[in-house]
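Descriptive analysis of the structure
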Amino acid sequence: MNYQEVLQILFENKNDQRAIFNTKIINSKINNLGVSSSIVLDLSKKLANERNNLLDFEINKYHEINMIISLTNVLRKDKSIDEKFQFLEQYFQIVDNWAIVDSTISKLKIKKLDDIKKYILKFHESDYPFVRRACFVILLKFVNKENASFIKDLLNNDSDYYCFMAQAWLISQFAIKGLKEDMISILENKHLPNKLINKGIAKACESYRVSDEDKLIYKSYRR
C-alpha cells in the first residue's frame, strides 16, 4: 500500500464525532479523522508485513498517519530492537501527543530490561518531553523486585505534565504489583516533589488490586 491508498481507507472510515472527542482527549493540534484504533492497527500490521518504509507518508498532517508511521516501525519483524529505538528517539521528538507514545510502546516487544537500559537512560535525559515520557511508559512493563532500584533511581522532578503523569502511573505500579516496601521507600523520598507523591498515591488507590489496608497506609504518606 502507498500513502494515497492508506489515506483513502482512513477517509472512508473517518468519524467526525470521534474526531472531536479524540482531539480533546489527546490535546493535539494535528488533524484527527476519528478513525477507530482497530483500523489504524490493522493498516499498520499490513504495512509492517509488506516491510513498507513509508517514504511517501506525510508526517504531522493527520494524527492517524502519525500513528501508523510509529506503529508500523515497531511492528516490523525485520528490524532489530536497536533500529526500533533509534527510530523512536527521533520520531518522538516531532510528534505532539502522548497517545502516539503510549500506543506505540504498548506494541513494542521487549523481553528483558537489560536489553534496553542504554536507551532508557538516553531517553530519560532527552530534551524532548515525549521522548522522556516514553522512558517512563516503557518502565511500566518492568516493575518488579529485580528492577525496583533501577526504576526508583529514575524518578525525578520533571516539570512536563505528561512526564509527571507517566511517573505517577509508574509509582502506582509498585503498589499495584505488591511491592509494598519499595512503594513506601518512594513515598519517603524527600527529593521527589509532593505533587508527584500525592498523584502516585491517588493512582494506586484507584486500583482494586491494592487492598483497603494498604491504601490507608499509602494515604498516610500524603504531603
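Before any of the text, the structure's been laid out above.
Residues numbered from 1 in each chain as written. Predicted model: local features only at pLDDT ≥ 70, side-chain atom pairs only at ≥ 80, totals over all residues. Heavy atoms only, no water.

Side note on the overall build of the protein chain
Which entries qualify depends on this criterion: Only DSSP runs of H or I with at least four residues qualify as helices, and only runs of E with at least two residues qualify as strands; both kinds are numbered from the N terminus onward. Using C-alpha atoms as the atom set, the radius of gyration is obtained and then compared with a globule rule of 2.2 Å times the number of residues to the power 0.38. Exposed residues in this analysis have more than 50% of their type's maximum accessible area, buried residues have under 20%, and partly exposed residues fall in between, with area computed by a 1.4 Å probe over protein chains only. Residue contacts are defined here by distance: any two heavy atoms, one from each residue, within 4.5 Å place the two residues in contact. Surface exposure here means Shrake-Rupley accessible area, sampled with a 1.4 Å probe, where a residue is shielded only by the protein chains that are shown. We treat Lys and Arg as the positive residues and Asp and Glu as the negative residues; His and chain ends play no part in the count. Working definition for charges: the position is that of NZ of Lys, CZ of Arg, CG of Asp or CD of Glu.
When its secondary structure is counted, the protein chain shows 13 helices and zero strands. The order of α-helices and β-strands along the protein chain, N terminus first, is α-α-α-α-α-α-α-α-α-α-α-α-α. Over its C-alpha trace the protein chain gives a radius of gyration of 19 Å, about what one expects of a compact globule, namely 17 Å for 223 residues. Dimensions of the protein chain along its principal axes, counting C-alpha atoms only, are 55 × 40 × 30 Å. Each of the 223 residues in the protein chain was classed as buried or not, and the buried ones make up 52%. Contacts in the protein chain between residues at least 24 apart in sequence constitute 68% of all its contacts with a sequence separation of at least 6. Of the roughly 11800 Å² of accessible surface on the protein chain, 47% is carried by carbon and sulfur atoms. Of the side chains in the protein chain, 35 bear a positive and 29 a negative charge, and the two mean positions are spaced by 3 Å.

Some details on a positive patch on the surface
Condition: For patch detection, residues must exceed 30% relative accessible area and be free of salt bridges, and they are connected within 9 Å for like charges or within 5 Å for nonpolar side chains (Val, Leu, Ile, Met, Phe, Trp, Tyr). What counts as a salt bridge is simple: a side-chain nitrogen of Lys or Arg found within 4 Å of a carboxyl oxygen of Asp or Glu.
On the surface, Lys-45, Lys-77, Lys-107 and Lys-109 cluster together into a patch of positive charge. Inspection of the secondary structure assignment puts Lys-45 in helix α3 (residues 37-49). The class of Lys-45 is partly exposed, set by a relative accessible area of 43%.

A look at the environment of Ser-44
Within the element layout of this structure, Ser-44 appears in helix α3. A relative accessible area of 0% places Ser-44 in the buried class. Once the C-alpha coordinates of Ser-44 and Met-67 are considered, the two residues, 23 residues apart in sequence, prove to be 8.5 Å apart. Residue contacts for Ser-44: discarding those within four places in its chain leaves Ile-68, Leu-71, Thr-72 and Leu-75.

As for the layout of surface pockets
What counts here: Only protein atoms enter the 1 Å grid used here, on which a cavity is any set of points holding a 1.4 Å probe that cannot leave and a pocket is any open set flanked by protein within 12 Å on both sides along at least five of seven lines; residues with an atom within 4 Å of a point are listed as lining. Grid points are joined across faces, edges and corners, and a volume is the space filled by probe spheres set on the points.
Size it by volume and the largest pocket reaches roughly 350 Å³. Residue lining of the largest pocket: 20 residues in total, with Val-35, Ser-37, His-63, Met-67 and Ser-103 positioned closest to the centre. Those elements giving two or more residues to the lining of the largest pocket turn out to be α2 (16-26), α3, α4 (63-75) and α6 (98-106). Tallying contributions element by element places α6 first for the lining of the largest pocket, with five residues.

Focus on the packing of helix α10 (residues 161-176) against helix α11 (residues 180-187)
The condition is simple: Angles shown run from 0 to 180 degrees and are taken between the N-to-C directions of axes, each axis being a line fitted to C-alpha atoms and, for helices, limited to the stretch in contact. Take the far helix as the reference: if the near one is turned anticlockwise from it by less than a right angle, the crossing is left-handed, and if turned clockwise, right-handed. All residues other than Ala, Val, Leu, Ile, Met, Phe, Trp, Tyr, Cys, Pro, Asp, Glu, Lys and Arg, Gly among them, are scored as polar; the first ten of these are nonpolar and the last four charged.
Contact geometry of α10 with α11 gives a least axis separation of 7 Å together with a crossing angle of 145 degrees. As α10 runs across α11, the sense of the crossing is left-handed. Contact residues: α10 offers Ile-171, Phe-174 and Ala-175, while α11 offers Lys-180, Asp-182, Met-183 and Ile-186. The residue makeup of the contact of α10 with α11, split by class, is five nonpolar, no polar and two charged.

A short note on the packing of aromatic side chains
Put simply, the rule reads: For Phe, Tyr and Trp, rings pair up if their centres lie within 6.5 Å, where Trp contributes its six-membered ring, and each pair is then called stacked (planes under 30 degrees apart), edge-to-face (over 60) or tilted (otherwise).
Applying the stated criterion across every chain yields a total of seven aromatic pairs. Judged by centre distance (5.5 Å) and plane angle (90 degrees), the rings of Phe-11 and Tyr-62 are edge-to-face. Highlighted residues: Phe-11 in helix α1 (residues 3-12) and Tyr-62 in the loop between α3 and α4, separated in sequence by 51 residues. Relative accessible area serves as the criterion here: at 12%, Tyr-62 is assigned to the buried category.

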